[in-house]
Amino acid sequence: MNRLAIIGGTGLSQLADLKIIKSEQINTPYGAPSADFIIGELNHKEVVFLARHGNPHAIAPHKINYRANLWGLKQLGVESIIAVAAVGGITSKMMPAHIAIPDQIIDYSYGRKHTFFEDENDPVTHIDFSYPYSQTLRSKLIHAAKQTGIAISPIGTYGCTQGPRLETAAEIKRMEQDGCDLVGMTGMPEAVLAKELGMNYVAVAVVANWAAGKTEGEITMAEIEQNLHKGMANAAELLKTFVAMNL
Ligand code: HPA
């Protein structure tokens, strides 16, 4: 398989089993990426790792320089990306610590630099985004999950909100009516920028909490951290199995 990158989100700023070989600082025409790119070995296979929120975790979802991150990965020759992301669960199967491999996106974010095609001198470009995630990578991840015995949801619609605040109960109700199963803050424009650069992109969504209004009371950071601890351990297991089977 071609060069693989893992983008780690909240709860996965570091990949514990990654043997670091070197780190690369890359400057891009779009500014600085979230962190240095780590070239390392996971299960004896070479991968590139990037901490989406910086290392330590300090960059809020709406402040992430998604273009610089994706451009940097492209410079490193990355052709496939597994993006790990913490999400809230909306529909009944998406309980805390569960993992989903979404197949669709609805974008509710705004004001983010969401395209590489904005230079007035360039021809107007409309890329196809009917199926935002790589179907091939999704199948391979689903296959790897079967191997590990970790129960995952093999489909789901990811709704991307602006953050950094969590949603209102009414917003989640509307998102559910729209068809969203999951809610997160970083899936866009990451997915579309990968597509614009011709890279295969897939998400591993780890449920951190029931979305707003789905349970009594408020959503706390303590609850999110506790659920992510378990969910991210499963995500790391899935990644290790994926690389063993595909690289
Ligand atoms: N909403 C949006 N993003 C999230 C959530 C949520 O409830 N949990 C983790 N990331």
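Residues numbered from 1 in each chain as written. Predicted model: local features only at pLDDT ≥ 70, side-chain atom pairs only at ≥ 80, totals over all residues. Heavy atoms only, no water.

In this section: the overall build of the chain. When you go through the chain residue by residue, the secondary structure sums to five helices and 11 strands. The C-alpha atoms of the chain give a radius of gyration of 17 Å, which matches the 18 Å a tight globule of 247 residues would have. Across its three principal directions, the C-alpha atoms of the chain cover 45 × 45 × 30 Å. With 247 residues in all, the chain has 52% of them scored as buried. Considering only contacts within the chain whose residues lie at least 6 apart along the sequence, 81% involve residues at least 24 apart. (Helix = DSSP H or I, 4+ residues; strand = E, 2+ residues; numbered from the N terminus. Rg over C-alpha atoms; globule rule 2.2 N^0.38 Å. Buried < 20%, exposed > 50% of the residue type's maximum accessible area, 1.4 Å probe, protein only. Contact = heavy atoms within 4.5 Å.)

Let us look at the environment of serine 139. In this structure, serine 139 sits in helix α2 (residues 135-148). Considering only alpha carbons, one finds serine 139 and leucine 238, 99 residues apart in sequence, at a separation of 13 Å.

Turning next to the site of the ligand. All residues adjacent to the ligand are Ala86, Val87, Gly88, Leu166, Glu167, Val183, Gly184, Met185 and Asn209. Between the ligand and the protein, one listed contact pairs a nitrogen atom with a backbone N or O atom of glycine 88 at 3.4 Å. Calculation on the ligand without its partners gives an accessible area of 260 Å², and the protein chains cover 92% of this total. Where the shell around the ligand is concerned, the elements lending two or more residues are β5 (80-89) and β10 (182-184). If one sorts the elements of the shell around the ligand by residue count, β5 sits on top with three residues. (Near = heavy atom within 4 Å. Polar contact = N/O pair within 3.5 Å; in protein donor to acceptor, adjacent residues only side chain to side chain. Areas by Shrake-Rupley, 256 points an atom, 1.4 Å probe, with all protein chains shown as cover.)

As a further point, take the layout of surface pockets. Considered as a void within the structure, the largest pocket measures approximately 440 Å³ in volume. Lining of the largest pocket is provided by 25 residues; of these, Thr10, Ala86, Leu166, Met185 and Ile224 occupy positions nearest its centre. In terms of residue count, the dominant contributor to the lining of the largest pocket is β5 (four residues). Among the residues making up the lining of the largest pocket, the classes are represented as 14 nonpolar, nine polar and two charged. Roughly 310 Å³ of volume is contained in the second largest pocket. (1 Å grid on protein atoms, 1.4 Å probe; cavity = no way out; pocket = protein on both sides within 12 Å on 5 of 7 lines; lining within 4 Å. Points joined across faces, edges and corners; volume = space filled by probe spheres on them. Nonpolar A, V, L, I, M, F, W, Y, C, P; charged D, E, K, R; others polar.)

Moving on, we get to empty space enclosed by the protein. Applying the stated criterion across every chain yields a total of one cavity of 30 Å³ or more. Estimated volume of the largest cavity: approximately 50 Å³. Where the lining of the largest cavity is concerned, the elements lending two or more residues are β5, α4 (187-196) and β11 (200-210). Its residues placed into classes, the lining of the largest cavity shows six nonpolar, two polar and two charged.

Below, the discussion takes up the nonpolar core. With 36 residues, the main nonpolar core has Val48, Leu70, Leu73, Val78 and Ile81 as its most contacted residues. Broken down by secondary-structure element, the contributors of at least two residues to this core are β1 (4-8), β3 (37-42), β4 (45-51), α1 (66-75), β5, β9 (157-160), α4 and β11. In terms of residues, this core owes the most to one element, α4, which gives five residues. In this structure, Val47, Val204, Val206 and Phe242 belong to the second largest nonpolar core, which totals 34 residues. (Core = buried A, V, L, I, M, F, W, Y, C linked by side-chain atoms within 4.5 Å.)

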